[in-house]
Every structure is written in structure tokens, then in C-alpha cells.
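# A closer look at the structure
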Amino acid sequence: MRAYTCGLDAAADVIGGKWKPRILWALHHGPMRFGELRREITGVTEKMLIQQLRELESRDIVHREVFHQVPPKVEYSLTALGQSLNEALIPLDTWGSDHLTELEASRVR
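Cut-off values and rules
- Residues numbered from 1 in each chain as written.
- Predicted model: local features only at pLDDT ≥ 70, side-chain atom pairs only at ≥ 80, totals over all residues.
- Heavy atoms only, no water.
- Pairing = 2+ DSSP bridges.
- Helix = DSSP H or I, 4+ residues; strand = E, 2+ residues; numbered from the N terminus.
- Salt bridge = Lys/Arg side-chain N within 4 Å of Asp/Glu carboxyl O.
- Buried < 20%, exposed > 50% of the residue type's maximum accessible area, 1.4 Å probe, protein only.
- pLDDT = per-residue confidence, 0-100.
- Patch = residues over 30% accessible without salt bridge, like charges linked within 9 Å, V, L, I, M, F, W, Y side chains within 5 Å.
- Areas by Shrake-Rupley, 256 points an atom, 1.4 Å probe, with all protein chains shown as cover.
- UniProt positions renumbered as here; feature names shortened; annotations may be inferred.

Per an unreviewed UniProt entry, the chain carries the name Transcriptional regulator and comes from Kribbella soli.

## Side note on the sheet that holds strand β1 (residues 32-33)
The three strands are arranged β1-β3-β2 in an open sheet whose pairing can be described as antiparallel. Here the strands that pair on one side only, and so sit at the sheet edges, are β1 and β2 (62-67). Bridge count for β1 against strand β3 (residues 73-78) is two bridges, and the pairing is antiparallel. Along β3, the bridge assignment pairs M32 with Y76.

## Remarks on the pattern of salt bridges
Note on pairing: side chains with opposite charge can pair once their charged atoms come close. Tallying each qualifying case throughout the model produces five salt bridges. Here R2 ties to D9 by a salt bridge, and the two come within 2.9 Å at their closest N and O atoms. What makes D9 buried here is its relative accessible area of 16%. Residue K73 is joined to E75 by a salt bridge in which the shortest nitrogen-to-oxygen separation is 3.7 Å. Taking the relative accessible area as the measure of exposure, K73 reaches 21% and is therefore partly exposed.

## Remarks on the confidence of the model for the chain
Scored by pLDDT, the chain comes out at a mean of 93, with 99% of its residues at no less than 70. Here helix α6 (residues 100-108) stands out as the least confident element of the chain, with mean pLDDT 89; helix α4 (residues 46-58) is the most confident, with 97.

## Details of unusual backbone geometry
A cis amide bond links V70 to the next residue, P71, at an omega of -5°. The topology assignment puts P71 in the loop between β2 and β3. You will see that D60, though not glycine, has its phi angle at about 65°, which is positive. A relative accessible area of 46% means that D60 is categorised as partly exposed.

## Remarks on a nonpolar patch on the surface
Judged by side-chain polarity, L92, W95 and L103 come together as a nonpolar surface patch covering roughly 310 Å² of accessible area. Note that L92 resides in helix α5 (residues 80-98).

## Points about the UniProt feature "domain: HTH hxlR-type" (unreviewed entry) in the chain
UniProt marks residues 6-104 with the feature "domain: HTH hxlR-type" (unreviewed entry), using the numbering shown here. As annotated, residues 6-104 has a helix share of 61% and a strand share of 14%, and its two end C-alpha atoms lie 30 Å apart.

Spelled out as C-alpha cells, the structure:
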């Protein structure tokens, strides 16, 4: 395992990929069940969502709580570390929103 070269390197390692930032964003307003997350994050497969949630859980970004009831219930929420990471994504969302038109145009080229 290599050492991180800077803070951005560490953050990118935690949220790298297409789905992790979207999972964090979906959990921004509070705990969600797996099915709710899957509906919220358009295009993600069940297998990929499970994998990404497990990775975020292993990094202490997402908390998985199992309620022992019938039928079983599992909720996902952000940990304090996950909440602070999500706060760091807000300016990125603002930048993307501010430049959406030009970014969509450049993607078509």
C-alpha cells in the first residue's frame, strides 16, 4: 500500500469512481434503505451499489445499520467522516451546476 502524496490524493482514493460521490450525495439528507438508494441513483446496478457501499463502509464513510425485524431492514447513513466529505463535495456540485451547459457541449464533441 502506497502512501498518499497529498490530501487530494487521499480524498480521490476514497471517492474515486462514478458512483461513490452520487451515493454520498444521496445520503446527504439522511439515512436511506438500499432500495431507496438504488432508485435515487439512476443507472447503478444492484451489484455495483452493494460493492460501492461496502467500500465506503470499510473506510468509515458510510454506516450500515441492520434492524433485526421481519422483514429485515437495513439503513445506510453518513458517518461524521462521511458528512465532512460530503460538505467538501458541495463546491464541486456548485461548479458543475455553474458550468453544466458548456460541460455537456464539450462532452458531445
